[in-house]
Each structure stands twice: as C-alpha cells, then as structure tokens.
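Secondary and tertiary structure notes
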Amino acid sequence: MTAMKDRRYGPKSVVAAFVGCVLALAGCAGEEDVPAFEPERSDVSEVPVVISFGTTWQQDDVTRVPPPGQETTVEVDGWDETSADKVRLVVFRRKDMDDQLQGGVNDAPFTYDPTNDYTLDCTRDEDTKTITAQGSIRKIYGYEYRVVGIAYDSKRANAVRSGNTFVDGEQNLFTLNVEDGTTFDDFKATVKTGDIWSYIYDMDVNIIEDVTTTNFDECLTRKMAFVPEFFYGYCTTASGNEIIKFAEQKADGSYDKAVALTGVLYRGVAKVQVELELEPYEYHAISRDIYHAALLATNVNTVTGLSSYDDFLTPSSPVPDYVVDGLLGYTGSYTVIDYRDAENGKVTFTAFVLPAKMKLGVRFLTRKEVALTTHFGLFNGEIHVADKTYNDGEGATGVISPDAHNNEFYFRRNHKYVLRGTSSSILSHQLD
C-alpha cells in the first residue's frame, strides 16, 4: 500500500458494537447510505468479531453494614444459570467525513445497515465457564460504523396465551425497531404483551360446576409480559475505539483495515425468583388445594433504548392499567409475568424484569372435589415484604432487602432477587 493510498483512510478510528438478538431483517438503507456500485475488493474489508459474556450477578451484601462511602454490592457467579445461546449483531453506519471536515466534528447520525445484520451461535466452555460468539462484519471504504447487539435464549419455553401462541425462544418475546432510517440513537427493544388466558381471568361457569372468585378481575391489566434475559454490550478495537473506521493507523504509520472487534455483554434486566410453600386455602368452609399460580407485578416496563448499556437504567412504556368507569369502576394494574403449575406442594416463579419500582402479587387457582361437585376458585394476594425471607443471590436469608420498602420492590439491572414464603401469608393480604 503506497503512502498516497494510506492517507485516504483518515485518522485513528473508533469502534462501537452492540450485540443484538433479533431476527435479521431484509431491506435497504437510503440511497445516500448505500453505494450505487459494488466497490473494488481493496475497498471492502471483512472484520472478525468476538463476543464474550459477563455472567456475574451484582448483588447487595445484606449481611453487614458497610462503612460510610463504601459499596454494598458483591458479585456472585451466574454462569450456570445463563442460558443465552444466540447473539444478534446489528450494525449502524454513516459517511466518514474526516477529510472534508478538516478537524471538524461529524455529528451526522449513524443509520441501520441492513447488509450487516447477523445472528451468531454461542459456544459454552464447561472447563473455563465462558460463553463466546464469533462472526464478522463487512466494512466499505468511505464509511464508519457502530456495531450493536443483544444476546438471548432461543430455546426458552414460552407460554401459550389466549388466541396467541408464542413458539419457544426469547426472540419471539420482543422486537427491535430496525428498519430503513432507524438511527443508532433511536435504537430500542420492545417487549411483546399478550392477553391472559381466559381461565386466569374469568372461569367459564358453563363448563365447571362451582366457581368462587374474590376480586377476580379488579386487580388485573389482563395482560401477560415475559421479558427476555437481555444481555447487552458493544465492541471496540484493541485500542479501545468505539467508532469503527474503515482502517486504523498502526504504530508504524501504516493502516490496517481488518482490525478485529471484541465486546463483552452484560445483563440489562433483574431476575426475580419467588419460591412458595403451598398450603390449602379455606374459603366458605371448603379447604381448597392450589394447583396453578400466576406471578403478578405492577409497573412492568416494556421498552428499553439500545444505544447505551445505561439505557437499561431508564426503561419506559409500562403495561397500561385496565380502567373500568362507572358506578362500580376500578383500575387493574397487575400484569402476569410468570405462570406455573404446583409441584409437590410448592411453586417457584422465575421472571426477568426491566428495572423498575414494582409491587408483586400472586393469583392462585384452586380446586377441590366435594361429593360430586368440583369447586374451583381464583384468589389474589399481595406479597408483603414483612412476610417474606429475602435472599439477593447468595446472601443470607431472613434479611429484608434494602431494595424493598413499603411493599414495593426496587428491581435493579443485573441483580438477582429471591423471595421465599407461603401461599397463606400472601393470601392474608387480599388484592383489591
């Protein structure tokens, strides 16, 4: 490469890559973004990308009172419970204006590049306890890039909703707004919502012989939302650049157009695990057994930006309340975030949520055979902090989380929360 040809690559580059996990979309960017000709081989470069995962949970150390000014967060390994097996790479680009600007600032937006949208397979190494994904992106001379992404579990078993079946895989639980003209700053993910099953909402009295409900619909938004375990990150060159030029200048003054990109992905969500001992519930002199249960939550956010990891700190668009006007009007604010069958007198919920301040509840479905009649019931209770033992990851049980106050839980990014209790304690706080 001659010195004259070297100069066209411009100054030291910067690289940004996020790792995304949505299905690749076909389409074309605007004419200004996409060259009208196939460039010469020397004007195109295939760049390797290597992605790794940060699987460690951040957790509150609730076993001690720290000195003033010191952090209360500890780290606990979460590799064994990380199920992500796919990484979606999404690339944004803009024209490189370094030569024309002559030292100025290029503030043009990066826009979605449909020719650089890939889904990569992850590799798990049991010996080193690592998860990695490898691929490449295609650079064209005259453009600079940012590479975006999210990781997800393509095999997660999803629930069947009323009139809407979500096939397995977290990729079916959310969408990305990647389309012609989408800018890097506006890039976001939206969690899908669906109607709850009819028998969770209102049992069919024409099928079963006896139905008992207590405030069966007043508390519900009548929606379900299952948030993926989003992993998010961005890539850089070895020199730490986040905006990716066509080539990077090396120490000897020459340019390398195939500088590898690397990135580390971190969880953008909180994990909520609720473990309950199920006890028969007596209502109208009938002791009823619990056979199904749904975990409920208020303020379930459904949208997060994807231009920065810190976007996960401020998600938006909670599932709207269900409002009924009139003399007997009410507002339902609880959304179903997990649903489980009872097993051996126990039920364990596992849900991921975008960071938020939330109240939790449980909707219990009961059944009891009495003589020739089957008695069914729907009963809702709120989870009160004082009734639960608490375990943030591997912390001590029996200590209430500093993230819980007045029966509201403050769920934070990349934190794991475990609550343990009984169905009776929850049903002692009936939901209105």
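Residues numbered from 1 in each chain as written. Predicted model: local features only at pLDDT ≥ 70, side-chain atom pairs only at ≥ 80, totals over all residues. Heavy atoms only, no water.

1. Details of the overall build of the chain
When its secondary structure is counted, the chain shows four helices and 34 strands. A burial count over the chain gives 51% of its 432 residues as buried. Sequence-distant contacts in the chain: of pairs separated by 6 or more residues, those separated by 24 or more amount to 78%. Counting only carbon and sulfur atoms, one obtains 49% of the accessible surface of the chain, whose full area is about 19,800 Å². (Helix = DSSP H or I, 4+ residues; strand = E, 2+ residues; numbered from the N terminus. Buried < 20%, exposed > 50% of the residue type's maximum accessible area, 1.4 Å probe, protein only. Contact = heavy atoms within 4.5 Å. Areas by Shrake-Rupley, 256 points an atom, 1.4 Å probe, with all protein chains shown as cover.)

2. Digging into the environment of Tyr322
Relative to the helices and strands, Tyr322 resides in strand β24 (residues 322–324). The sequence separation of Tyr322 and Tyr334 amounts to twelve residues, and the corresponding C-alpha distance is 9.0 Å. Setting aside chain neighbours within four positions, we find Tyr322 in contact with Leu220, Thr221, Arg222, Tyr330, Thr331 and Gly332.

3. A look at the side chain of Glu170
Tracing the backbone shows Glu170 in the loop between β9 (164–165) and β10 (174–176). Beyond its immediate chain neighbours, meaning those up to four positions away, Glu170 contacts Tyr152, Asp153, Ser154, Arg156, Asn158, Pro228 and Glu229.

4. Comments concerning the nonpolar core
With 33 residues, the main nonpolar core has Leu276, Val362, Phe364 and Phe411 as its most contacted residues. Of all the secondary structure elements, the ones that give two or more residues to this core are β19 (270–277), β21 (286–297), β27 (346–353), β28 (356–358), β29 (360–370), β33 (408–411), β34 (416–422) and α4 (423–427). When neighbours within four sequence positions are excluded, Phe411 is seen to be in contact with Ala270, Val272, Val353, Pro355, Ala356, Met358, Leu360 and Tyr417. (Core = buried A, V, L, I, M, F, W, Y, C linked by side-chain atoms within 4.5 Å.)

5. Things to note about the sheet that holds strand β5 (residues 111–125)
Pairing within the open sheet is mixed, and its seven strands lie in the order β4-β7-β15-β18-β1-β6-β5. Each edge of the open sheet is held by one strand with a lone partner, namely β4 (86–95) and β5. Taken over all neighbouring pairs, the strand axes of this sheet differ in orientation by 25 degrees on average, direction set aside. Bridge analysis of strand β7 (residues 143–152) against strand β15 (residues 231–236) gives four bridges, and the strand direction is antiparallel. Residue pairing for β15: Val148 is matched across the bridge by Tyr234. (Pairing = 2+ DSSP bridges. Axes fitted to C-alpha atoms, helices over the stretch in contact; angles between N-to-C directions.)

6. Observations regarding the pattern of salt bridges
What the rule picks out here adds up to 18 salt bridges. Measuring nitrogen to oxygen at the nearest pair gives 2.7 Å for the salt bridge that ties Glu144 to Lys245. Pair noted here: Glu144 is in strand β7 and Lys245 is in the loop between β15 and β16 (248–249), with a separation of 101 residues, a long-range link. Judged on exposure class, the residue Glu144 and its partner Lys245 are both buried. Put simply, Arg146 and Glu242 hold a salt bridge, and the shortest N to O gap is 4.0 Å. With Arg146 in strand β7 and Glu242 in the loop between β15 and β16, this residue pair connects regions lying 96 residues apart in the sequence. Linked by salt bridges that have partners in common, Arg94, Asp96, Glu144 and Lys245 make up one network. (Salt bridge = Lys/Arg side-chain N within 4 Å of Asp/Glu carboxyl O.)

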